[in-house]
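Single-letter residue listing:
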Amino acid sequence: MAKLLTEMLKGTLEGIVLAHLSGRPAYGYEITARLREQGFSDIAEGTIYALLTRLEKRGLVDTEKVPSESGPPRKVHSLNVQGMRYLEEFWGTWGFLVERLEELRGAGEGE
């Protein structure tokens, strides 16, 4: 199951991270920790950092360097208007896929 989960996460991790940022701004390690608390234990910090960089380059998140009590400043990411629109589109697409998959599962059980 781990390999299948990894493959499915590749297509949805962007939306998952944006959903986390819709609640409040966060930095990479904080997002990784929250995901691990939710059971996504195989997600590497590097994956989240790379994803946040891509989201920033695409204009979906705003990034601000905030001083840290220990070490270098942290890059805190927040969802902007364009990111919120993308997240809404993500949820709409996700809902469509869930409906189709439920139909397929129901059709398979009826046979």
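Given the structure is predicted, the values throughout are model-derived calculations rather than measurements. (Residues numbered from 1 in each chain as written. Predicted model: local features only at pLDDT ≥ 70, side-chain atom pairs only at ≥ 80, totals over all residues. Heavy atoms only, no water.)

Can you walk me through the sheet that holds strand E3 (residues 74–79) in this structure?
Hydrogen bonds along the backbone pair up the strands of a sheet, which may run parallel or antiparallel. Spatially, E1-E3-E2 is the arrangement adopted by the three strands of the open sheet, whose pairing is antiparallel. Every other strand in the sheet has two partners, leaving strand E1 (26–27) and strand E2 (61–66) as the edge strands with one partner each. With two bridges connecting them, E1 and E3 associate as antiparallel partners. Bridging across to E3, Ala26 finds its partner in His77. (Pairing = 2+ DSSP bridges. Helix = DSSP H or I, 4+ residues; strand = E, 2+ residues; numbered from the N terminus.)

Would you take a moment to explain the packing of helix H1 (residues 2–23) against helix H3 (residues 45–57) for this structure?
For any two helices packed against each other, one specifies the inter-axial angle together with the distance between the axes. Between H1 and H3, the shortest axis-to-axis distance is 11 Å and the interhelical angle comes to 80°. Judged on the interaxial angle alone, H3 and H1 are roughly perpendicular. In this structure, H1 uses Leu13, Glu14, Val17, Leu18 and Leu21 to contact H3, whose residues at the interface are Thr47, Ile48, Leu51, Leu52 and Leu55. Partitioning the contact of H1 with H3 into residue classes produces eight nonpolar, one polar and one charged. (Axes fitted to C-alpha atoms, helices over the stretch in contact; angles between N-to-C directions. Parallel < 35°, antiparallel > 145°, perpendicular 65-115°, else oblique. Contact = heavy atoms within 4.5 Å. Nonpolar A, V, L, I, M, F, W, Y, C, P; charged D, E, K, R; others polar.)

Would you explain the nonpolar core in this entry?
Nonpolar side chains tend to gather and get buried jointly when the protein is soluble and globular. Leu13, Val17, Leu21, Ile31, Ile48 and Leu55 are the most contacted members of the largest nonpolar core, which totals 19 residues. Elements with a contribution of two residues or more to this core: H1, helix H2 (28–37), H3 and helix H4 (81–110). For this core, the leading source of residues is H1, giving six residues. (Core = buried A, V, L, I, M, F, W, Y, C linked by side-chain atoms within 4.5 Å. Buried < 20%, exposed > 50% of the residue type's maximum accessible area, 1.4 Å probe, protein only.)

Sorry, what's going on with H3 here?
Because an α-helix completes one turn every 3.6 residues, residues spaced three or four positions apart along the sequence face the same direction. Under the 1.5 Å per step criterion, the end-to-end length of H3 is 19 Å for 13 residues, consistent within 8% with the ideal 18 Å. All of the buried residues in H3 are Ile48, Leu51, Leu52 and Leu55. Down the axis of H3, the smallest arc covering the buried residues is 100°, so these residues share one side. Packing partners of the buried residues in H3 comprise H1, H2, E2 and E3. With its phi angle positive at about 80°, Gly59 sits one or two positions after the end of H3. (Expected span 1.5 Å × (residues − 1). Arc of directions from axis to C-beta.)

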